[in-house]
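Observations on the model geometry
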Amino acid sequence: MIRDGRLGKKFDSSVAAFTSSIDFDSALFEYDVLTDMAHMVMLVEQKIVDRGDAGKVFSVLKNLLNTGAGAVDTSSDFEDIHMAIEAYIIREAGDAGGRLHTGRSRNDQVACDLRMKARDDVLLLSKALTGLVSALLEVAEQHSLTLLPAYTHMQRAQPTTVGHHLSAYAESLLRSLDRLEDAYVRVDLCPLGAAAVTTTSYPLNRERTAELLGFTGVLRNSMDAVSSRDYMAEIAAATAIISVDISRICEELIVWSTSEFSFIELDDSHASTSSIMPQKKNPDILEITRARTASAFGGLISVLTMLRSLPQSYNRDLQEVSPVFFNTIDSVSSSLVLLSRVVASMKINSDVMNAACMDDFLTATELADVIVRKKDLPFRTAHQIVGALVSQAISEGVMPSSVTTGFVDRAAESVTGEKLGLSDEVVTAALTPLVAVEARRVLGGPAPEVVEQAVAHCFDRLAQIEQSINLREEGINKSRKTLLAAVESILEA
Ligand code: ARG
């Protein structure tokens, strides 16, 4: 269609297949139809196109909204979805259809479609992420008293609770929700009216098209408008950071579900078995999710690498950024949905976790703290005494629950030459994991009431974020109604 003017030769079919974006930009179909509508409404309002011609175009566009992409020829004979749709409109509406591209280019058109899709994508991703955060918080809330060893260096360190542990991930993921919420502000700007690169001499009203498409503002510089994809890099970066957390959660749950740990059991519906070993229960969803985080990291690097070194303004390289971005969002959103289901349905083996807190002297720090408080010794001295005690206990096979004040005194004498004379109750309490957990009431600590407050705080933040997602979705839906009403009023006039 557009080649007939400038180019003598037909498109070679292998060149067409190589350069066409239609395989992936069909995902822009609906956005493109809405962008067409908004542009045409504005052209009529600005008296650039008359109502009669606009009406013919609107009838075709309205049909397209109902039929979907299936109505147009999306073979790679067309360079992209924009050409396929325009060809269809011209076929159906005749010469009037040829007026649609007045004061517009595919450069600002695709930039606009992509930002509309990115808005929806950020909201989709955010909703998937709120699902995971709320699944983590719900389990955390139920298990604020379920003991679990806290690890550092992957070695048992101190007793904590499942509630404390899982809400750590929730806090981190809430920061990612904040990042997405913030990124949305920079996506939500309209490039339409920039045309190919320097705008146009038609008296376009850019604020009006932005409003009709529900954008909060316009991109002010037309060269920037057609060439900026930094929002994709920003969202891909947020997605990569989310994927770091996804991979950590998957890894941990895989380790927890081994028979060596047995801290959790995955729901049967979320596990697979072996084709040869009938006893196996494999955590395939978690493994696949862990592997797919690679697509988010790869996606971010690909987006950045394609954007680097591009001179102003539109370059066809930009077309290649889109599918990478789409795939990254799809992959991470679906991973989040599945991971939420795994978390919500996993069985917590409280007894095993509790037992894991009973040996290994996880409460050694607490005993040292008690010695400091009761005997006013420097923490370093108390640390040495408890170190000696643990070493003696291990060599003599004494469990923490069997340590008496006499045993503590032996260790104290070996370090300072003096006994401590603590009561047996004090020693036993200091070495009891639940007592140590309940004593950690500092902000951010594992004491059940502290975790319960923290979880409640996270639920509040989640509710605020969910409200902001809903408001944005409502805004988009409302603008769509406004746009369709503007189309109708032109059709009726
Ligand atoms: N398919 C193209 C893309 O995704 C649309 C813009 C084409 N513009 C051009 N001047 N060839 O970027």
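Residues numbered from 1 in each chain as written. Predicted model: local features only at pLDDT ≥ 70, side-chain atom pairs only at ≥ 80, totals over all residues. Heavy atoms only, no water.

**Looking at unusual backbone geometry**
Residue Q312 is joined to S313 through a cis peptide bond whose omega torsion reads 0°. Residues other than glycine seldom take positive phi values, yet S309 does so here, at roughly 70°. Along the chain, S309 falls in the loop between α12 (284-307) and α13 (317-345). (Helix = DSSP H or I, 4+ residues; strand = E, 2+ residues; numbered from the N terminus.)

**What about the packing of aromatic side chains?**
Applying the stated criterion across every chain, the model contains 3 aromatic pairs. Ring geometry for Y151 and F261: centres 6.2 Å apart, planes at 40°, overall tilted. Taken as a pair, Y151 in strand β1 (residues 147-152) and F261 in the loop between α11 (230-256) and β5 (264-265) lie far apart in primary sequence, 110 residues in all. Owing to a relative accessible area of 23%, Y151 belongs among the partly exposed residues under this scheme. Consider the rings of F261 and F263, whose centres lie 5.1 Å apart with planes at 80°: the pair is edge-to-face. For the pair F261 and F263, one class covers both residues: buried. One aromatic cluster is present, formed by Y151, W256, F261 and F263 through successive ring pairs. The positively charged end of R119 is found above the aromatic ring belonging to F215, 4.3 Å away from the centroid. (Phe/Tyr/Trp six-rings, centres within 6.5 Å; stacked < 30°, edge-to-face > 60°. Buried < 20%, exposed > 50% of the residue type's maximum accessible area, 1.4 Å probe, protein only. Lys NZ or Arg CZ within 6 Å of the ring centre and 35° of its normal.)

**Remarks on the site of the ligand**
Taken together, S21, D25, D80, H82, R106, N107, V110, Y314 and Q319 are the residues near the ligand. Contacts to the ligand include S21, whose side-chain N or O atom sits 3.1 Å from a nitrogen atom. The separation between a nitrogen atom of the ligand and a polar side-chain atom of D80 is 3.0 Å. In isolation the ligand has 350 Å² of accessible area, and contact with the protein removes 86% of it. Here the element with the most residues in the shell around the ligand is helix α7 (residues 106-142); it accounts for 3 residues. (Near = heavy atom within 4 Å. Polar contact = N/O pair within 3.5 Å; in protein donor to acceptor, adjacent residues only side chain to side chain. Areas by Shrake-Rupley, 256 points an atom, 1.4 Å probe, with all protein chains shown as cover.)

**Side note on the nonpolar core**
Counting 109 residues, the largest nonpolar core has I89, L136, L213, I235, L253, L336 and V343 as the members making the most contacts within it. Tallying contributions element by element places α7 first for this core, with 17 residues. In this structure, L336 is in contact with L125, A128, L129, L132, I242 and I246, ignoring residues within four places of it in sequence. Core analysis: the next-biggest nonpolar cluster, separate from the first, contains 24 residues, A368, V390, V403 and L422 among them. (Core = buried A, V, L, I, M, F, W, Y, C linked by side-chain atoms within 4.5 Å. Contact = heavy atoms within 4.5 Å.)

**Comments concerning the packing of helix α4 (residues 29-45) against helix α6 (residues 81-93)**
At a minimum axis separation of 10 Å, α4 and α6 run at an interaxial angle of 55°. One finds that α4 runs oblique with respect to α6. You can see that α4 and α6 cross each other, and the crossing is right-handed. Here F29, D32, V33 and D36 of α4 lie close against α6, whose contacting residues are I81, H82, I85 and I89. In terms of residue class, the contact of α4 with α6 is built from 5 nonpolar, 1 polar and 2 charged. (Axes fitted to C-alpha atoms, helices over the stretch in contact; angles between N-to-C directions. Parallel < 35°, antiparallel > 145°, perpendicular 65-115°, else oblique. Left-handed = near helix turned anticlockwise from the far one by under 90°. Nonpolar A, V, L, I, M, F, W, Y, C, P; charged D, E, K, R; others polar.)

**Let's talk about the side chain of T405**
In this fold, T405 is placed in helix α17 (residues 405-416). The class of T405 is buried, set by a relative accessible area of 17%. With sequence-adjacent residues up to four places away left out, T405 is seen in contact with G421, L422, S423, D424 and V427.

**Focus on the environment of S76**
The residue S76 is located in the loop between α5 (51-67) and α6 in this model. S76 sits 53 residues away from D23 along the chain, and the two C-alpha atoms are 7.7 Å apart. When neighbours within four sequence positions are excluded, S76 is seen to be in contact with A16, A17, S20 and I22.

**Focus: the environment of R248**
Mapped onto the fold, R248 is located in helix α11. When the C-alpha positions of R248 and R290 are compared, they lie 8.2 Å apart, and in sequence the two are 42 residues distant.

**Observations concerning the layout of surface pockets**
Once rolled over the atoms, a probe with the size of a water molecule shows which space is left empty. Taken as a whole, the second largest pocket encloses approximately 300 Å³ of empty space. Classifying every residue of the lining of the second largest pocket gives 5 nonpolar, 6 polar and 4 charged. (1 Å grid on protein atoms, 1.4 Å probe; cavity = no way out; pocket = protein on both sides within 12 Å on 5 of 7 lines; lining within 4 Å. Points joined across faces, edges and corners; volume = space filled by probe spheres on them.)

**Brief notes about the pairing of β1**
Here β1 runs beside strand β2 (residues 155-161); their pairing, made up of 6 bridges, is antiparallel. Pairing of L148 across the sheet is with T160, part of β2. Between β1 and β2, which pair antiparallel one after the other, the connecting turn spans 2 residues, and H153 there sits at a positive phi close to 55°. (Pairing = 2+ DSSP bridges.)

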